[in-house]
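# Examining the three-dimensional arrangement
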Amino acid sequence: LARRDPPDLVLLDVMMPGLDGYDVCRELKRDPRTRDVPVIFVSAMSEVDEETRGFDAGAADYIHKPISPPVLRARVRTHLQVKAWQDSLNRRNVGLEAQLGERIGQLERLRDATLYAMVSLAEFRDSDTGNHVRRTQEYVRVLAEHLRADGHPALAALDDAAIELLAKSAPLHDIGKVAIPDHI
């Protein structure tokens, strides 16, 4: 199992030299590479307590010896089909997460462009406002970073992305000036 590609299924006996099957199964379930590999115990131990231990260790199934080849084939086929569907769903989820990340990036770029357009509108109306909004943006960034570093309760939970969003939004504090006639 240390090879690069994990198997699709593991048939495992309970009674083995060294580690028993339950310990091996628990190790497989702890390893992120083999966590989703179904384990089927094949054992002469047929007590309910032994089956329960197997399922508690993470087994997908428990087959008693002597085995019936048709039963073993049917259960292996069923677990391989389930594993194939899970793998397919996992690949689909990875693709969807990538698409979501791309869409979020597009939305962030659109938000930034919208903020830039609104700030540019304010600058167009008043060149003094343009410099003022840029200074305010930097003041907000520096102040938020300082308060976070000092452990201020209101800002202690902010990460760099949240502070950046605050700074990007700060220039909007003067956006109302755009609608006020020049003679006022």
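To keep things clear, this report deals only with the structure shown in the data block. (Residues numbered from 1 in each chain as written. Predicted model: local features only at pLDDT ≥ 70, side-chain atom pairs only at ≥ 80, totals over all residues. Heavy atoms only, no water.)

Let us look at the nonpolar core. Membership of the largest hydrophobic core is limited to twelve residues, which are Val10, Leu12, Val14, Tyr22, Cys25, Leu28, Val37, Val39, Phe41, Ala57, Ala59 and Tyr62. At the level of secondary structure, the elements contributing two or more residues to this core comprise β1 (10-12), α1 (21-30) and β2 (39-43). Ranked by residue count, the leading element in this core is α1, at three residues. Those residues in contact with tyrosine 62, other than ones at most four positions away along the chain, are Val14, Tyr22, Phe41, Ser43, Met45, Glu50, Glu51, Phe55 and Arg75. (Core = buried A, V, L, I, M, F, W, Y, C linked by side-chain atoms within 4.5 Å. Buried < 20%, exposed > 50% of the residue type's maximum accessible area, 1.4 Å probe, protein only. Helix = DSSP H or I, 4+ residues; strand = E, 2+ residues; numbered from the N terminus. Contact = heavy atoms within 4.5 Å.)

Here we come to unusual backbone geometry. Residue proline 66 is bonded to the preceding lysine 65 through a cis peptide linkage, with omega at 0 degrees. Tracing the sequence through the fold places proline 66 in the loop between β3 (61-64) and α3 (69-125).

The next thing to look at is the packing of aromatic side chains. All told, the structure shown has two aromatic pairs when counted by the stated rule. Among the aromatic residues, those joined into a cluster by ring pairs are Tyr22, Phe41 and Tyr62. (Phe/Tyr/Trp six-rings, centres within 6.5 Å; stacked < 30°, edge-to-face > 60°.)

Our focus in this paragraph is the side chain of histidine 79. Its place among the elements puts histidine 79 in helix α3. Not counting residues up to four positions away in its chain, the partners in contact with histidine 79 are Leu9, Pro38, Ile40, Ala60 and Asp61.

What follows deals with the pairing of β2. Counting buried residues along β2, five of its five residues qualify, which places the element largely inside the surrounding structure. Residues Val39, Phe41 and Ser43 of β2 are buried on one face, and the alternating residues Ile40 and Val42, pointing to the opposite face, are buried as well. Handedness of the β1-α1-β2 crossover: right-handed. Pairing between β2 and β3: four bridges, direction parallel. If you follow serine 43 over to β3, its bridge partner there is histidine 64. Tracing the backbone out of β2, into helix α2 (residues 48-57) and back to the parallel element β3 gives a crossover that is right-handed. (Right-handed = clockwise from strand over helix to strand, strands pointing away. Pairing = 2+ DSSP bridges.)

All right, on to the environment of leucine 72 then. As for its placement among the helices and strands, leucine 72 is situated in helix α3. In the structure, leucine 72 is positioned 32 residues away from isoleucine 40 in sequence and 9.6 Å away in space, judged by C-alpha atoms.

Bringing the sheet that holds β1 into the picture now. Within a sheet, adjacent strands bond to each other through the backbone by hydrogen bonds, running parallel or antiparallel. The three strands lie next to each other as β1-β2-β3, forming an open sheet whose pairing is parallel. Two strands in the sheet have a free side with no partner beyond their single neighbour: β1 and β3. Between one strand axis and the next, the sheet turns through 25 degrees on average, direction left out of account. Seen against the sheet, α1 touches β1, β2 and β3 and runs at an angle of roughly 175 degrees to β2. Contacts between α2 and the sheet are confined to β2 and β3, with β3 contributing the most and set at about 150 degrees to the helix. (Axes fitted to C-alpha atoms, helices over the stretch in contact; angles between N-to-C directions.)

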